[in-house]
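Chain residues, written in single-letter form:
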Amino acid sequence: MNYLRLRFHVTNMDVEPYLVEADAPTARAIDFLDARDLPPPEPLTKTLTRLTELDTETMFVQLNDREPKFLFPKLDDRGFVYRSVETDEGMLTAIWVP
């Protein structure tokens, strides 16, 4: 059973098809951040802050207007698994604890 837990920005985007396309788990709760309108470095800092609370039952999904290339090395350093896929609305990145 999937359910969507929205915080900060609300979107009508159905993320599940993109999670399937990105080969990300779909059986976890989703903590979603729409970072498209946030100025740098807010998408990075808000994402890293939210990830400190991420548990194994939840996946963090960030929607950004571009590839979050500065985020990826930080995720690698912290041991997160992530996948990104381009959508019509922007770059969707799913992040989870292995």
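Residues numbered from 1 in each chain as written. Predicted model: local features only at pLDDT ≥ 70, side-chain atom pairs only at ≥ 80, totals over all residues. Heavy atoms only, no water.

(A) Highlighting the pattern of salt bridges. Evaluation of the coordinates by the stated rule reveals four salt bridges. Two residues, aspartate 31 and arginine 50, come together in a salt bridge whose shortest N-O distance is 2.6 Å. Of this pair, aspartate 31 sits in strand β2 (residues 29-34) while arginine 50 sits in helix α2 (residues 42-51); the two residues are 19 residues apart in sequence, bridging distant segments of the chain. Each member of the pair aspartate 31 and arginine 50 is classed as buried. Arginine 36 is the salt-bridge partner of glutamate 89, the closest N and O atoms lying 3.4 Å from each other. Here glutamate 89, found in the loop between β4 (81-87) and β5 (90-96), pairs with arginine 36, found in the loop between β2 and α2; they are 53 residues apart in sequence, far enough to count as distant. By relative accessible area, glutamate 89 is classed as partly exposed at 35%. A relative accessible area of 25% means that arginine 36 is categorised as partly exposed. (Salt bridge = Lys/Arg side-chain N within 4 Å of Asp/Glu carboxyl O. Helix = DSSP H or I, 4+ residues; strand = E, 2+ residues; numbered from the N terminus. Buried < 20%, exposed > 50% of the residue type's maximum accessible area, 1.4 Å probe, protein only.)

(B) The arrangement of the layout of surface pockets in detail. Taken as a whole, the largest pocket holds about 210 Å³ of empty space. Pro40, Pro41, Pro43, Leu44, Gln62, Asn64, Arg66, Glu67, Pro68, Lys69, Phe70 and Leu71 are the residues that line the largest pocket. Of all the secondary structure elements, the ones that give two or more residues to the lining of the largest pocket are α2 and β3 (58-64). Partitioning the lining of the largest pocket into residue classes produces seven nonpolar, two polar and three charged. (1 Å grid on protein atoms, 1.4 Å probe; cavity = no way out; pocket = protein on both sides within 12 Å on 5 of 7 lines; lining within 4 Å. Points joined across faces, edges and corners; volume = space filled by probe spheres on them. Nonpolar A, V, L, I, M, F, W, Y, C, P; charged D, E, K, R; others polar.)

(C) Looking closely at the pairing of β4. When β4 meets β5, the two strands line up antiparallel, connected through seven bridges. Residue pairing in the sheet places serine 84 in a bridge with threonine 93 of β5. Counting the residues in the hairpin turn of β4 and β5 gives two residues. (Pairing = 2+ DSSP bridges.)

(D) Just the packing of α2 against helix α3 (residues 71-78), in detail. The N-to-C vectors of α2 and α3 enclose an angle of 20 degrees; their axes lie 11 Å apart at closest approach. As judged from the angle between their axes, α2 and α3 are roughly parallel. The two elements α2 and α3 cross, and the hand of that crossing is right-handed. Residue-level inspection shows Leu44, Thr47, Leu48 and Leu51 of α2 in contact with α3, the latter providing Leu71, Lys74, Leu75 and Arg78. Tallied by class, the residues present in the contact of α2 with α3 amount to five nonpolar, one polar and two charged. (Axes fitted to C-alpha atoms, helices over the stretch in contact; angles between N-to-C directions. Parallel < 35°, antiparallel > 145°, perpendicular 65-115°, else oblique. Left-handed = near helix turned anticlockwise from the far one by under 90°. Contact = heavy atoms within 4.5 Å.)

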